[in-house]
Each structure stands twice: as structure tokens, then as C-alpha cells.
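Per-entry structural report
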Amino acid sequence: MRLRHTLGAALGAVALVATLPASASAATGDFSYKYVGLDGTVQSVTLPDPQSPGCITLPEVADPGSSEPAFTPHNDTDTWVMVFTEPDCTGNSWTLRPHGHPATDRLKLRSVFLTDRH
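Residues numbered from 1 in each chain as written. Predicted model: local features only at pLDDT ≥ 70, side-chain atom pairs only at ≥ 80, totals over all residues. Heavy atoms only, no water.

To continue, consider the overall build of the protein chain. From N to C terminus, the protein chain includes one helix and eight strands. Along the chain direction, N to C, the helices and strands of the protein chain fall in the order α-β-β-β-β-β-β-β-β. Expressed as a percentage of its 118 residues, the buried residues of the protein chain come to 33%. The contacts of the protein chain with a sequence gap of at least 6 include a subset with a gap of at least 24, amounting to 63%. (Helix = DSSP H or I, 4+ residues; strand = E, 2+ residues; numbered from the N terminus. Buried < 20%, exposed > 50% of the residue type's maximum accessible area, 1.4 Å probe, protein only. Contact = heavy atoms within 4.5 Å.)

Right, here's the structure in full:
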């Protein structure tokens, strides 16, 4: 009888652990970019330890009809990053290596895909 209860409790614990969501991963480091704000001044944004893998549409420049794209991306994370010219990781793309130098201000972007490749 005791063995049956112990076995039932062990199976219940295994089932509980199996149903827990997997912990989210994040790139380690910062991803940053610049954009021109509504007042015409250049603004800088830093995303510390961004979620990866996944696509991030940059909120300040998400609407092509009302904003210029962001520029000068800098991937100082530990993962490879793809930057895209359009929202939702669409359009032309370029790949930035981990812990790279800031890209030129001629590289325009509206969204970023952080890979899980280190």
C-alpha cells in the first residue's frame, strides 16, 4: 500500500514538472540602436539582455508611414542578430556578429531577430 502511494506521488511530481513552462532564455549583453525622435533629435535605445530567439519590432520606428527607420545598430550580445528593414522581421536583412562594433548609420532597421546561435 505504501509503495503504491509513493509511486503515485512520484509520478504526480514528474507530471507536474513536465507541465511547467520552459524558462525563457535571453541573450546576454546589450543591443542598441539610434533613431530620430518626434522633436528631430537623435535618440539612443539600449535593450539589455533581450529575449532570444525571437523577433523584436522596434516600437519607435514600427510604422513606416510615420517614422524614419532606426540606424547604427550595435550588437553587443553573445548571440548572432539579424536586422531587418521592415517591421516583423521582414524586408532586407543583414547579420551582425556577437560583440561586434557599431554598424554605420547607413544601416537602417525597423526590427531585429535575435538568434540562439552563440
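With that settled, consider the sheet that holds strand 1 (residues 29-36). Spatial strand order, 2-1-4-7: four strands in an open sheet with antiparallel pairing. Pairing within the sheet leaves two strands with one partner each, and these edge strands are strand 2 (42-48) and strand 7 (108-109). Both strand 1 and strand 4 (residues 70-77) contribute to a ladder of five bridges, which runs antiparallel. Note on strand 4: the bridge partner recorded for K34 is F71. (Pairing = 2+ DSSP bridges.)

Attention now goes to the confidence of the model for the protein chain. Considering every residue of the protein chain, the mean pLDDT works out to 85; 80% of them sit at 70 or more. Low pLDDT, under 50, characterises residues 5-23; the stretch is placed with zero contacts to residues that sit more than four places away or in other chains. (pLDDT = per-residue confidence, 0-100.)

This brings us to the nonpolar core. In a soluble, globular protein the nonpolar side chains are often hidden away together inside. Within the largest apolar cluster, 16 residues are counted, with the highest numbers of intra-cluster contacts made by F31, Y33, L58, A70, V83, L109 and V112. The set of elements that each furnish at least two residues to this core consists of strand 1, strand 5 (81-86) and strand 8 (111-114). At three residues, strand 1 tops the list of elements feeding residues into this core. Contacts of A70, omitting those with residues within four sequence positions, involve Y33, K34, Y35, L58, V61, L107, K108 and L109. (Core = buried A, V, L, I, M, F, W, Y, C linked by side-chain atoms within 4.5 Å.)

What follows covers the packing of aromatic side chains. Evaluated as defined, the whole model comprises one aromatic pair. Ring plane angle 40 degrees and centroid distance 6.4 Å describe the contact between F31 and Y33, whose orientation is recorded as tilted. Each member of the pair F31 and Y33 is classed as buried. (Phe/Tyr/Trp six-rings, centres within 6.5 Å; stacked < 30°, edge-to-face > 60°.)

What follows deals with the side chain of N75. Along the chain, the position of N75 falls in strand 4. Here N75 falls in the buried class, since its relative accessible area comes to 2%. A distance of 2.6 Å separates the side chain of N75 from the side chain of T77, its partner in a polar contact. (Polar contact = N/O pair within 3.5 Å; in protein donor to acceptor, adjacent residues only side chain to side chain.)

Okay, the environment of L38 next. Locating L38 in the fold gives a position in the loop between strand 1 and strand 2. A relative accessible area of 93% means that L38 is categorised as exposed. In this structure, the C-alpha to C-alpha distance between L38 and E60, residues 22 residues apart in sequence, is 9.6 Å.

Further remarks concern the state of the cysteines. Within this structure, the stated rule accounts for one disulfide. Here C55 is linked by a disulfide to C89, with a sulfur-sulfur distance of 2.1 Å. When the S-S torsion is 105 degrees, as for the bridge of C55 with C89, the disulfide is right-handed. Taken together, the residues C55 in strand 3 (residues 54-57) and C89 in the loop between strand 5 and strand 6 (90-96) connect sequence positions 34 residues apart. Judged by relative accessible area, C55 falls into the partly exposed class, the value being 38%. Since its relative accessible area comes to 17%, C89 is described here as buried. (Disulfide = S-S within 2.5 Å.)

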